Amino acid sequence: MIIAEAKPLAEVAGLINDAQKILVVGCGGCVTVCLAGGEKETGILAAALRMLRKKEGNPLETVEVTLTRQCDPEYVDMLAKYVTDDIDAIVSLACGVGVQFLAERYPKWVVPALNTKFAGATIEHGVWEERCGLCGECILHKTGGICPVIRCSKSILNGPCGGSQNGKCEVNPETPCAWQLIYDRLKTLGKLDLLLEIQPPKDWSKSRDGGPRKVVREDVRLA
Amino acid sequence: MQDFEPKIVAFCCYYCAYSAADLAGSLRLQYPANIRVIEMPCSGKTDVRVLLEAFEKGADGVYVLGCMEGDCHFLKGNYRAKRRVKQAKKILDEIGIGGERLEMYNLSAAMGPRFAEIAQEFTERIKKLGPSPLNKNYPPPPKEGEGHKGNSTKAGEGE
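These remarks concern the structure in this document. Every value quoted in this text rests on a predicted model; they were computed, and no experiment measured them. In every chain, residue numbers begin from 1 and rise along the written sequence. Chain letters start at A and ligand numbers start at 1, both assigned in the order the entries are written. Local features are withheld for residues below a pLDDT of 70 in this predicted model, meaning they are given only at 70 or higher, and side-chain atom pairs are given and counted only at 80 or more; totals for whole chains, interfaces and linings count all residues. Heavy atoms from the whole structure form the basis of all side-chain values; hydrogens and water molecules are not counted.

### Here we look at the overall build of chain B
Numbering of helices and strands runs from the N terminus; a helix is a DSSP stretch of H or I covering at least four residues, while a strand is a stretch of E covering at least two. When helices and strands are tallied, chain B shows 4 helices and 4 strands. Listed N to C, the secondary structure of chain B is β-α-β-α-β-α-β-α in terms of helices and strands. Contacts were defined at the residue level, with two residues in contact if any of their heavy atoms lie within 4.5 Å. Restricting the contact set of chain B to residue pairs at least 6 apart, pairs at least 24 apart contribute 74%. A total of about 8,200 Å² of accessible surface is found on chain B, and carbon and sulfur atoms cover 51% of it. To measure how exposed things are, a 1.4 Å probe is used in the Shrake-Rupley method; for residues, cover is taken only from the protein chains shown.

### Things to note about the interface of chain B and chain A
On the side of chain A, 15 residues touch chain B, which itself brings 15 residues to the contact. The quantity reported as buried area is the accessible area (1.4 Å probe) lost by two parts once they are put together, taken as the sum for both. Summed over both partners, the interface of chain B with chain A comes to about 1,400 Å²; 62% of that surface belongs to carbon and sulfur atoms. The largest per-residue losses of area from chain B upon contact with chain A belong to Arg-49, Glu-56 and Ile-95 of chain B, which jointly make up 42% of the total buried on that side. We define a salt bridge as a side-chain nitrogen of Lys or Arg found within 4 Å of a carboxyl oxygen belonging to Asp or Glu. Between chain B and chain A we count 3 salt bridges in total. For Arg-50 of chain A, the salt bridge identified is with Glu-56 of chain B, shortest N-O distance 2.4 Å. Residues adjacent in sequence count toward polar contacts only when both atoms are side-chain atoms; beyond that, a polar contact is any pair of N or O atoms within 3.5 Å, and within protein one must be able to donate a hydrogen and the other to accept it. Linking chain B to chain A there are 4 residue pairs in polar contact (both at pLDDT 80 or more). The set of elements that each furnish at least two residues to the side of chain B that touches chain A consists of helix 2 (48-56) and helix 3 (77-95) of chain B. Considering only residue class, the side of chain B that touches chain A consists of 8 nonpolar, 1 polar and 6 charged. The nonpolar class holds Ala, Val, Leu, Ile, Met, Phe, Trp, Tyr, Cys and Pro. Asp, Glu, Lys and Arg form the charged class, and all remaining residues, Gly among them, are polar.

### Regarding the environment of Cys-30 of chain A
Residues and elements named next belong to chain A. In this fold, Cys-30 is placed in helix 2 (residues 30-33). Residues Cys-30 and Met-1, 29 residues apart in the sequence, show an inter-C-alpha distance of 5.5 Å. Excluding residues that lie within four positions of it along the chain, Cys-30 makes contacts with Met-1 and Ile-2.

### Observations regarding a nonpolar patch on the surface
Excluding any residue in a salt bridge, patches collect residues exceeding 30% relative accessible area, merging like charges within 9 Å and nonpolar Val, Leu, Ile, Met, Phe, Trp and Tyr side chains within 5 Å. A surface patch of nonpolar side chains, about 300 Å² in accessible area, is lined by Tyr-14, Tyr-15 and Phe-74 of chain B. Among the secondary structure elements, Tyr-15 of chain B is positioned in the loop between strand 1 (8-13) and helix 1 (17-26).

### Overview of the layout of surface pockets
In the cavity and pocket records, a cavity denotes points on a 1 Å grid over the protein atoms alone where a 1.4 Å probe fits but cannot get out, a pocket denotes an open set with protein on both sides within 12 Å along at least 5 of 7 lines, and lining residues are residues with an atom within 4 Å of a point. Grid points are joined across faces, edges and corners, and a volume is the space filled by probe spheres set on the points. Size it by volume and the largest pocket reaches roughly 1,400 Å³. Leu-35, Glu-41 and Ile-44 of chain A together with Val-48 and Gln-87 of chain B are, among the 42 residues lining the largest pocket, the residues nearest its centre. For the lining of the largest pocket, the elements supplying multiple residues, two or more each, are strand 1 (2-6), helix 3 (39-55), strand 6 (114-124) and strand 7 (127-132) of chain A together with strand 2 (35-40), helix 2 and helix 3 of chain B. With 7 residues, the top contributor of residues to the lining of the largest pocket is helix 3 of chain B. Among the residues making up the lining of the largest pocket, the classes are represented as 24 nonpolar, 5 polar and 13 charged. Every residue along the wall of the second largest pocket is listed here: Cys-71, Val-97, Phe-101, Pro-212, Arg-213 and Val-215 of chain A. Residue composition of the lining of the second largest pocket, grouped by class: 5 nonpolar, no polar and 1 charged.

So, in structure tokens, the structure goes:
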């Protein structure tokens, strides 16, 4: 899922300085799971903004709504009844996709309340870690299910590098060496021979190249 | 600030502080009447949103009372409460209300006198800090050496 974290309160408050009434929109998707932008966090941010403004003698009115997801037009449409003329700004507690979707759909000043960080997973409650580099061409079958693109600090495809020490990365000694993990995993699986195959340079044109990527599934399209 | 009577909300764990409050009552211990006690099934029920709401609704100070560390009926509730209080303090600092208006204390059900002592201690702290910046109907704290004129309006009621 997408992992995000809250922007500092002062930064969000600064973005809506001129607004008298705002719509604070949470997202029930990934950011709820990573406790950054769900219903509760929406309530906390709205309360904090109201109190900050009340303290400054410039009261702020808030309307709080949490959509099931902000990355689907059907849910974003459901916000229409809350986007009234008196709403001066919309504060979105979603990843950057949600913020862009709201901005595309509604003619209002839309500001992000979160910083979108990475595609990751919950390691334990309150700890999230990056697991996928969104490179566009998965090679996990060659590496025992451990991604060297994102988990190796140098993203090397034929590792480990010379800096691996006692199974840890030289860039950060708290980071396990991805290639050590790959070796251990393949050894357990009895597939060490996979490492003998030299991986050619990766085709990065499928990653961040050529503008926004698009996935089209003709079989499920409605039109 | 002799005439400032703060509104203080105390979120009390059923297994310790709430019983300690009962004991304080049975012992006829005196403690400030500023405390509004709210019973909780465990201090682990503490929610940042609720703590903020207390301030928004007019509290000048809020504290959470949980069991002694290691003695939580639900094992880790008080540790969780402590972390949430810390987070709420951070938010209060960011807002400018001041994290020192929020505190977490630990006590056991047998500590009736400690309950009264905490109430006294915290009330004094808030009296010293003055009204919450959100309760503007109170005049600002007087400068040193100046007297303070009374105000009959209670903190937190209206603008």
